[in-house]
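The primary structure of each chain is shown beneath.
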Amino acid sequence: MTVRDEQEAREAPARVRMRKTRTTLADGRELLYFDDSEPYVSGGATRELVDSRTLPPAVSQSQMRFDVLTGEWVVIAAQRMDRTFLPPPDASPLAPSRPGKAPTEIPADDYDVVVFENRFPSLATAAAEQDLPDCVDGEALWPLAPGAGRCEVVCFTSNPDAAFATLSVDRVRTVVDVWADRTAELSALPGVRQVFCFENRGKEIGVTLTHPHGQIYAYPYLPPRTEALIRRSREHFESTGRLLLADVLDAETRSGRRVVLAGEHWTAYVPAASRWPLEVHLAPHRDVRDLAELTDDERDELAQVYLELLRRVDRFFDGVDAVPYIAAWHQAPVGEDRPLGRLHLQLFSMMRSPGRMKYLAGSESGMGAWVNDTTPERIADRLREVAS
């Protein structure tokens, strides 16, 4: 390479990995295309932006009622009762709109990754338009508020037969960028306290659409798990001056007994007090608050590590090809509690053996007193055993 070649290489713009295009669906909900393939990523072409359906304007009657017995908000979203339930793959509302078939939620005839506002949301910005009293039945004991927030659907691929674990590393890298994009944008919405990216996989846990997809919730309050974590983190910081989740990662690393995967930027481990028959956490080595704060190098490695973990989960039980799971990205809250949070993934399955599920019965559901049917060390041993 000549000196001139080197100078031109330095001055050349960095390759654009992803192109983001906004449009609006027929009922006013927002849809965003995230393209990572040509000719779309470079702007040589644009996906279909016009929704041909005739839909009434999107509205929401979601509300939040305060449970005085637990100190927790409960979302009441009665409109979700009639949401789509397990349509055949060729009739999925998450499929592209193909010629000769009824139009779907996605106007284009193909796509890379798509995000859109949920048609049957638990929380929605439109809910703020309701004229609600401050309490139920005029009783101050039961505070009432609009279920104002946002719920989005993330379609990982247009292929209805795919799974996240079968995606390419490049596509997973795009999804990581999408999660980061949505985390940053939703965190800036008025009233949002936390952004939660997650994937439910499997009919066993109540998935109603089999097309590979995830969801993003923007909560107007701190969910119970986050509230408890922040409380514990504050107590830990006041007594030690250190961040709780960072100390947990350090302790698991020192022990090494439950570490199942370690890279330059990420470590995966089974927590010492895991609750589920299959559970693994993934944490960055750096004190990162949310997905939007990840560097390019951290995102690159995450795409590879995350795929490896999902593939190990699918090999965990002999004879089970598609283990049902929940992949939950816990991020720092928005606002004054943000310094006490730290990004980490909680990946778990409620399957306890092939064909058998762990049901949350009396002790767990009635009393919140958890009982695990195995040991964290056995889980870690098996996750190492099924490594690629």
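Up top is the structure.
What you are looking at is a predicted structure, and each value in this text was computed from that prediction instead of being measured.

A short note on unusual backbone geometry
Link 1 in the chain: The omega angle of the peptide bond from glutamate 38 to proline 39 is 5 degrees, so this bond is cis rather than trans.
Link 2 in the chain: As for its position among the elements, proline 39 is in the loop between β2 (30-35) and β3 (63-67).
Link 3 in the chain: One non-glycine residue, aspartate 137, lies in positive phi territory at about 55 degrees.
Link 4 in the chain: Mapped onto the elements, aspartate 137 comes out in the loop between β5 (113-117) and β6 (144-146).

Quick look at the side chain of glutamate 199
Link 1 in the chain: When you line up the elements, glutamate 199 lands in strand β8 (residues 194-201).
Link 2 in the chain: Arginine 201 provides the closest opposite charge to the buried, unpaired glutamate 199, separated from it by 6.0 Å.
Link 3 in the chain: Among the polar contacts made by the side chain of glutamate 199, one reaches the side chain of tyrosine 325 at a distance of 2.8 Å.
Link 4 in the chain: Look past the residues within four positions of glutamate 199 in its chain and what remains in contact with it is Phe156, Phe164, His213, Gly214, Tyr306, Tyr325, Ile326 and Ala327.

Overview of the sheet that holds strand β7 (residues 150-155)
Link 1 in the chain: Reading across from one edge, β1-β2-β5-β7-β9-β8-β13-β14-β12-β11-β10 is the order of the 11 strands in this open sheet, with antiparallel pairing throughout. At either end of the open sheet lies a strand with only one pairing partner, and these are β1 (19-24) and β10 (259-262). Here the strands of the sheet are splayed against their neighbours by 20 degrees on average, with no regard to which way each runs.
Link 2 in the chain: In terms of strand pairing, β10 meets strand β11 (residues 266-269) through 3 bridges, oriented antiparallel. Counted as the bridge partner of valine 259 is tyrosine 269 from β11.
Link 3 in the chain: Relative to the sheet, helix α2 (residues 169-187) contacts β1, β2, β5, β7, β8, β9 (213-219) and β13 (325-330), its axis offset from that of β5 by approximately 25 degrees.

So, how was this worked out
Residues numbered from 1 in each chain as written. Predicted model: local features only at pLDDT ≥ 70, side-chain atom pairs only at ≥ 80, totals over all residues. Heavy atoms only, no water. Helix = DSSP H or I, 4+ residues; strand = E, 2+ residues; numbered from the N terminus. Buried < 20%, exposed > 50% of the residue type's maximum accessible area, 1.4 Å probe, protein only. Lys, Arg positive; Asp, Glu negative; His and termini not counted. Salt bridge = Lys/Arg side-chain N within 4 Å of Asp/Glu carboxyl O. Polar contact = N/O pair within 3.5 Å; in protein donor to acceptor, adjacent residues only side chain to side chain. Contact = heavy atoms within 4.5 Å. Pairing = 2+ DSSP bridges. Axes fitted to C-alpha atoms, helices over the stretch in contact; angles between N-to-C directions.

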